[in-house]
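# Commentary on secondary and tertiary structure
As a plain string of letters, each chain reads:
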Amino acid sequence: MQEEVIATINDVVSKMKKNNWRSNIKLISKAYHYALEKHGVQKRKSGEPYIIHPVQVAYTLANMELDDATICAALLHDVVEDTEVTHQDMIKEFGEEIAQMVAGVTKLGKLDYTSVKEQQVEDYRKMFLAMGKDIRVILIKLADRLHNMRTLKYLTRDRQIKNAQETMDLYAPLANRLGMYFLKWELEDLSFKYLYPEDYREIVEGLDKKREERLTFIEKIMEEIRKQLKIQRIEAEITGRAKHLYSIYRKMKRDNKTLDQIYDLFALRILVNSVKDCYSALGIVHDLYNPMPGRFKDYIAVPKPNMYQSLHTTLIGEKGTPFEVQIRTWDMHRIAEFGIAAHWAYKEYGKNKKENVTVKDDKLAWLRETLEWQKEMQDPEEFLNTLKTELFEDEVYVFTPKGDIKVLPRGSTPIDFAYSIHEEVGHTMTGCKINSKMMPIITKLKNGDIIDIVTSDNAKGPSRDWLKFIKSTTAKNRIQQWFKKEQREENIVKGKELVEKEIKRIGMGYKELWKQEFIQVAIDRYKFNNIEDMYAAIGFGAISPVKIIARILEEYKKVHQDETIEEKLQELSKDKGTLKKNISKTGVIVKGIDNCLVKLSKCCNPVPGDNIIGYITKGRGVSIHTTECINIKELLQQKDKLIEVEWYKEKISSYNVDIETYSNDRTGLLADIIKAVYDTKTKLIAVNSKANKERIIVTEITIEVQDLEKLNQTIKALRRVESVFEVKRKK
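Residues numbered from 1 in each chain as written. Predicted model: local features only at pLDDT ≥ 70, side-chain atom pairs only at ≥ 80, totals over all residues. Heavy atoms only, no water.

## With respect to the packing of aromatic side chains
Throughout the structure, instances matching the rule amount to 13 aromatic pairs. Here the aromatic rings of F192 and Y200 are separated by 5.6 Å at their centres, their planes lie at 70°, and the arrangement is edge-to-face. Overall, the relative accessible area of 0% leaves F192 in the buried class. Residue Y200 is classed as buried on the basis of its relative accessible area of 13%. Note on F192 and Y246: the rings are 5.8 Å apart at their centroids and 55° apart in plane angle, and the pair reads as tilted. In this pair, F192 sits in helix α10 (residues 181-195) while Y246 sits in helix α13 (residues 245-255), placing the two residues 54 residues apart along the sequence. Y246 carries the same exposure label as F192, and that label is buried. Ring pairs connect the aromatic residues F192, Y196, Y200, Y246 and Y249, which therefore count as one cluster. (Phe/Tyr/Trp six-rings, centres within 6.5 Å; stacked < 30°, edge-to-face > 60°. Buried < 20%, exposed > 50% of the residue type's maximum accessible area, 1.4 Å probe, protein only. Helix = DSSP H or I, 4+ residues; strand = E, 2+ residues; numbered from the N terminus.)

## Regarding the sheet that holds strand β14 (residues 612-616)
Pairing within the open sheet is mixed, and its 4 strands lie in the order β13-β15-β14-β16. Of all strands in the sheet, those bounded by a partner on one side alone are β13 (598-600) and β16 (642-643). By the bridge criterion, 2 bridges tie β14 to β16 in an arrangement that is antiparallel. Each bridged residue has a counterpart across the sheet, and for G614 the counterpart in β16 is I643. (Pairing = 2+ DSSP bridges.)

## Considerations on helix α12 (residues 211-231)
Helix length check: α12 (21 residues) gives 30 Å between terminal C-alpha atoms against 30 Å at 1.5 Å per residue, within 8%. Within the sequence span of α12, burial applies to R214, F217, I218, I221, M222, I225 and L229. In an axial view of α12, the angular spread of the buried residues amounts to 130°, which keeps them on one side of the axis. Facing away from the buried surface of α12 by more than 90 degrees, the exposed residues are E212, E213, T216, K227, K230 and I231. In the core, the buried residues of α12 are packed alongside α11 (197-209), β1 (236-242), β2 (266-272), α14 (275-288) and β6 (322-329). One or two residues past the end of α12 sits R233, with phi positive at roughly 60°. (Expected span 1.5 Å × (residues − 1). Arc of directions from axis to C-beta. Contact = heavy atoms within 4.5 Å.)

## Brief notes about the sheet that holds strand β9 (residues 429-434)
Taken together, 3 strands build an open sheet; the order of strands is β10-β9-β11 and the sheet is antiparallel. Across the chains shown, the open sheet's two edge strands, defined by having one partner strand only, are β10 (437-439) and β11 (451-455). The average undirected angle you get between the axes of adjacent strands in this sheet is 35°. Bridge count for β9 against β11 is 5 bridges, and the pairing is antiparallel. Note that in β11 the partner of M429 across the bridge is T455. (Axes fitted to C-alpha atoms, helices over the stretch in contact; angles between N-to-C directions.)

## Focus on α14
Along its 14 residues, α14 runs 20 Å from first to last C-alpha, staying within 8% of the 20 Å computed at 1.5 Å per residue. Looking only at α14, the buried set comprises D277, C278, A281, L282, I284 and V285. Around the axis of α14, the buried residues are gathered within 165° of arc, so they sit on the same side. Among the exposed residues of α14, those pointing more than 90 degrees away from its buried face are K276 and D287. Where α14 is buried, its residues touch α12, β2, β5 (311-316) and β6.

## Thoughts on the side chain of R478
Summarising the element assignment, R478 is placed in helix α21 (residues 473-486). In terms of polar contacts, R478 uses its side chain to reach the side chain of E423, at 3.5 Å. (Polar contact = N/O pair within 3.5 Å; in protein donor to acceptor, adjacent residues only side chain to side chain.)

## Some remarks on the packing of α10 against helix α15 (residues 330-338)
Across the interface, α10 lies against α15 with an axial gap of 4 Å and an inter-helix angle of 40°. Compared by their axis directions, α10 and α15 come out oblique. Counting all contacts with α10, which are made through Y181, F182 and W185, the residues of α15 involved are A336, E337 and F338. Of the residues belonging to the contact of α10 with α15, the class tally is 5 nonpolar, no polar and 1 charged. (Parallel < 35°, antiparallel > 145°, perpendicular 65-115°, else oblique. Nonpolar A, V, L, I, M, F, W, Y, C, P; charged D, E, K, R; others polar.)

## Here's the deal with unusual backbone geometry
Positive phi, normally seen in glycine, also occurs at S436, with a value near 70°. With respect to the secondary-structure elements, S436 resides in the loop between β9 and β10. Exposure remark for S436: the relative accessible area of 70% places this residue in the exposed category. Even without a glycine there, the phi angle at K681 is positive, about 60°. Residue placement: K681 occurs in the loop between α28 (669-679) and β19 (683-691). Judged by relative accessible area, which is 75%, K681 ranks as exposed.

## Here we look at the packing of helix α6 (residues 87-105) against helix α8 (residues 136-150)
Between two packed helices, the angle of one axis relative to the other and the distance separating the axes together describe the packing. Interaxial distance between α6 and α8 falls to 9 Å at its minimum, and their mutual angle equals 55°. Regarding the angle of α6 to α8, the classification is oblique. Note on packing geometry: the crossing formed by α6 with α8 is right-handed. Here E97, M101, G104 and V105 of α6 come into contact with α8, specifically with R136, V137, I140 and K141. (Left-handed = near helix turned anticlockwise from the far one by under 90°.)

So this is what it looks like as structure tokens:
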């Protein structure tokens, strides 16, 4: 796995000149100095100047031979998010094209979301929409993630796990989907390193032990193949490499084997000049070594959807040791490494600019589907699950009766196949033949199946039951669209009933809550055209009435709570000098405001003894933060919303505090943690312990304490528990 290499702007410029002597070095230099000036004294978590990060991102993209505009956008990608620079400033300085790319990479602004997952979904949606407009946006995003993963060691353990998991779940599969294998492999190995550190270390040490022995084995094979290729006058370059670590780990888990039982740890790659030479080279290696049955794959005749082409074969070497050989042309190799990025070669760029920067139908048809279904899904869980299904490479190759190839998700049925041809074929489907034999339409398809769909003009359309069996997003989207269109009126009526039922359940008055100004916020938030569309979506099940009512309640509370707060602030302005003993249920005294809603902020969980400050929120009363809170710097900039608060001197209440412990796994650990809490005579409210596969245990504990002294006493007791290496208040 590649170690972090600190590139400079001179390295970026040199690489760009090498790629294309006509590169606009003046523009790239301007972008660098602009970013350098705007980021100023900002530092990364490592303590290094912030400018190092965008330069590394730009260098990765320069290695992929991307164009000048992409390199500039990479250098500027954090400027709008992290400095005072606006989108309009970017347009003025660098033009619409670069500004739009920067906007596509920049994270969403601070919107109101009902959950963290909803925020995450919106980030992903924005990313995919930007990707649909200009694929280079996602290339910058992937290079950005790569450098962040290379420097992950500077973050806290919980942040490492969070970022590594997101990379494994989303960014590595996305790199794979785009055919960018060099990115996929490194992102997977870096994620593996932080998610399962012990397994990672075990594989690294195991490979190092027998490294010389394996190198000798592979060098001997390479020399034999070189000799035979030369005799046949085939120009070729042969390289040997260890398989990347995460693929070895997956194989160990899948086959339930130890590292010593995995033999094909190395792969040979043969690069030749033509497709004809690929097959000639295949014949030569099959003459030299016995191929393993069932382990030959021809991705040249049947390319993967991400454009990957190569011949794969597994052979038996001396002493029965298997090894893999991949054979491809140089052009295929470039596409295998850089995938979709390979389509931005400088010799082509500029001749047909529009064609080069937009998504090509034949290359990324799956993205078109993604952009269609993502508009329809308001439920974050459904969106994320479908997104992961689309990204992970797990496919089946089947054929039409005319011999055309269709690539579908593994587990697909003839229903999926029918909709992959055309939605009308799916809507009018009544049966199917698989390999000339009539079969149920819910039969799971296998590689090589030939499918013939039987249709009828009298068909009544799809069945809702089909949704239980289909796998492809295309089929699911088409069927749902059919039901939405056919049963719209019915869904509107059902949606209204569900809304009324939910309002009644929460004990609110329909007329009081269901006002146009509140409803419009929900319509805008979830991107409906009008209230009927919203009712139809609720009735159809695309979004729950609970989510809609929750958003409307937020607006309702803002209006009513703000009225109360404003009145109190007006009173306060008349009586500035006194700190009245108006004690909230939390045990906090708020200056001059009686019966005010007071909440202890969950971002810092203040307890008596902490230095605190009050912040007047929009719609939620006064929020209490510690002066050490991670959010306090931002709050202090809004001085008009700060208010003096203090703890009531007499102990009148108990406080719930969340604590996290990080431990090495062992028998009896949880029992000892619970005992440590009880020994301090602290009330235990809840405990939740999760074991990661690398055997690091994260235990979340909620306790009830009266003050800071009691909290510190409990934390000290937990730190003394054997195998616990970190204890902290949950932020």
